[in-house]
Each structure stands twice: as structure tokens, then as C-alpha cells.
Amino acid sequence: MRGPGRNDFFDGITKLAGLLAAMCLTKGNRMDIKKAEFVSSFTAESHCPKTGLPEFAFIGRSNVGKSSLINMLTARNGLAKVSGTPGKTQLLNFFNINDRWYLVDLPGYGYAKVSKSQQKTLAAMIEGYLIRRAPLVLVFVLIDSNVPPTAIDLEFVNRLGEFGVPFALAFTKTDRQKKGVLDNNVEAFLEAMRETWESLPPHFITSSKYSTGREEILDYIQQVLKSLPS
Ligand SMILES: Nc1nc2c(ncn2[C@@H]2O[C@H](COP(=O)(O)OP(=O)(O)O)[C@@H](O)[C@H]2O)c(=O)[nH]1
Ligand SMILES: [Mg+2]
């Protein structure tokens, strides 16, 4: 795993974000979602357009609450489809946010009910995007806070490390648990990551039901955008 480089990156980004937050994150600076528009879906990285704008991708196991989180962040209820049927989103879905950045909704991973060959196709699509997509700035990996760490999520974040892709964690559906259980699950995930990672990525506690974590995530995206070379 390309550990040390990634760790430096996280440290750098976290410090920079903290500094910027202290310097200029007054209310007027908070990201207002003035525009959130579905643009198009693509079946492969090679088909994705050159937009000139940075991309933040969202991924997680099927049913983790990704569509709900996207709707919550953008304050658009029907933007990403919320579905009780997992495994439906099988494309790279692009959303234009404020003509400033793209939110890219990636297919869910680890959905057992799709065939092995389809899983392979999906994995190739996801990895192709993650590895080759130049405008990709950061991936939000969604983790269900209601369950202890799963091998599939840990393997996925470790793979991001191997690819050298920066990421942050968003623990989802935190309203469904007592605080004690939630804290245990979050801490256990971070603890499991410490086994392979020297320093940890930023993490967010979210509930789409109560908009928990919305400001924190939007502030973070704003800070990362500001830190990019123009
Ligand atoms: N209580 C609660 N339920 C949620 C939350 N987020 C998602 N859900 C529910 O979890 C299920 C899956 O959500 P969805 O957003 O479609 O997940 P996706 O498959 O990852 O896109 C749906 O029944 C949602 O209503 C949350 O923050 N709190
Ligand atoms: Mg979905």
C-alpha cells in the first residue's frame, strides 16, 4: 500500500482544511447549493466528459444510504433515487453542483445478488474511474454505522490506498442506533484501519433523516476546493 504518501496527503489536507476553516469559514463562506443537476450517466471512465471541474465521488455498499445522503447534501429530495431495492445504480452518475464541482455517484459495491460476471464488470467500471479519472479529487466512502466493521469495506478502503486515491469516510444512518453502539462501531472501524494505516482519513457522522453532518461535509468540500490550484 502506498501508505506514507497517502498519510502525508491526509495530514496536509487536514491541516490545510483546519487552517482555512479558522481563517475564512464564516457563515457567508459556507457552501450554498444553488444548483444541483443530474447531467448524465456513463458506463466507463473513458466515456466521462472533460468538464474542467473537480469531482467528488460517493461510494459504499449497496443500501448504505448513498442516494439519501446525496439528496440530503444537495437538499434535493428526488435527485438521487432512494430505493429499497439495492444494486440498482450501476452507472457513473454525474451531478453538476453550482457549476463549480461534480458529484459523482458511483455504483454500490459488494452486492451479492448480482451475478459474478456482473460484479466483475461493475468492479472494472469503478476501478477504472478511481484509477484513471484525473479530475477526481476525493472519494467519500460511506460506511453503515449500524454494523461492526465489515471485511468488504476495509478491503475497499485499503484498495483506495493502493490506488493512491484520497478519501474521507461518512458513517451513515447514525440516527438508527444508540450513541454507545454507534461510537463502538465507528471506533472499531477506525481501529481496524489503524492496523494498515499510519494516519486516518477525515470521518463524518451523518444521518440523512436529520441532516446530520451536512454542514461538516459541505464545509470540507469547500475547503478542499479552495486548496486546489486554480
Ligand atoms: N433511519 C435512516 N434511514 C436511512 C438513512 N439513509 C438511508 N436510509 C434508508 O436506507 C435505505 C437505503 O437507502 P438508499 O439511500 O436508497 O441507499 P443506497 O442503496 O446506498 O443508495 C432506504 O430505505 C432509506 O430510507 C438515514 O440516515 N437514517
Ligand atoms: Mg442508491
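For the structure, check the block above.
For the structure given in this document, a descriptive report is provided here. (Residues numbered from 1 in each chain as written. Chains lettered and ligands numbered in written order. Predicted model: local features only at pLDDT ≥ 70, side-chain atom pairs only at ≥ 80, totals over all residues.)

**Quick look at the site of ligand 1**
Surveying the vicinity of ligand 1 reveals 20 residues, the closest of which are Gly65, Lys66, Ser67, Ser68 and Ser208. The element best represented in the shell around ligand 1 is helix H2 (residues 66–74), accounting for 3 residues. Looking at side-chain class alone, the shell around ligand 1 contains 3 nonpolar, 12 polar and 5 charged residues. (Near = placed C-beta within 6 Å. Helix = DSSP H or I, 4+ residues; strand = E, 2+ residues; numbered from the N terminus. Nonpolar A, V, L, I, M, F, W, Y, C, P; charged D, E, K, R; others polar.)

**A look at helix H4 (residues 151–163)**
Between its terminal C-alpha atoms H4 stretches 18 Å, which fits the 18 Å expected from 13 residues at 1.5 Å a residue. Among the residues of H4, Asp153, Phe156, Val157 and Gly161 are the ones counted as buried. Viewed end-on, H4 has its buried residues packed into an arc of 145 degrees, placing them on one side of the element. More than 90 degrees from the buried face of H4, the exposed residues found are Ala151, Ile152, Glu155 and Glu162. Two residues or fewer after H4 comes Gly164, characterised by a positive phi angle close to 75 degrees. (Expected span 1.5 Å × (residues − 1). Buried ≥ 20, exposed ≤ 12 C-beta atoms within 10 Å, placed from the backbone. Arc of directions from axis to C-beta.)

**A closer look at the sheet that holds strand S3 (residues 92–97)**
On the basis of which strands lie adjacent, the open sheet formed by 7 strands has the order S1-S3-S4-S2-S5-S6-S7 and mixed pairing. Of all the strands in the sheet, just strand S1 (36–42) and strand S7 (203–205) have a single pairing partner and so form its edges. Strand-to-strand, the axes of this sheet are offset by a mean angle of 25 degrees, without reference to chain direction. The pairing of S3 with strand S4 (residues 101–105) spans 5 bridges and is antiparallel. What sits directly across from Asn93, in S4, is Asp105. Each of S1, strand S2 (55–60), S3, S4, strand S5 (136–144) and strand S6 (167–172) is contacted by H2, which is oriented at about 145 degrees to S2, the strand it contacts most. Each of S5 and S6 is contacted by H4, which is oriented at about 170 degrees to S5, the strand it contacts most. (Pairing = 2+ DSSP bridges. Axes fitted to C-alpha atoms, helices over the stretch in contact; angles between N-to-C directions. Contact = placed C-beta atoms within 7 Å.)

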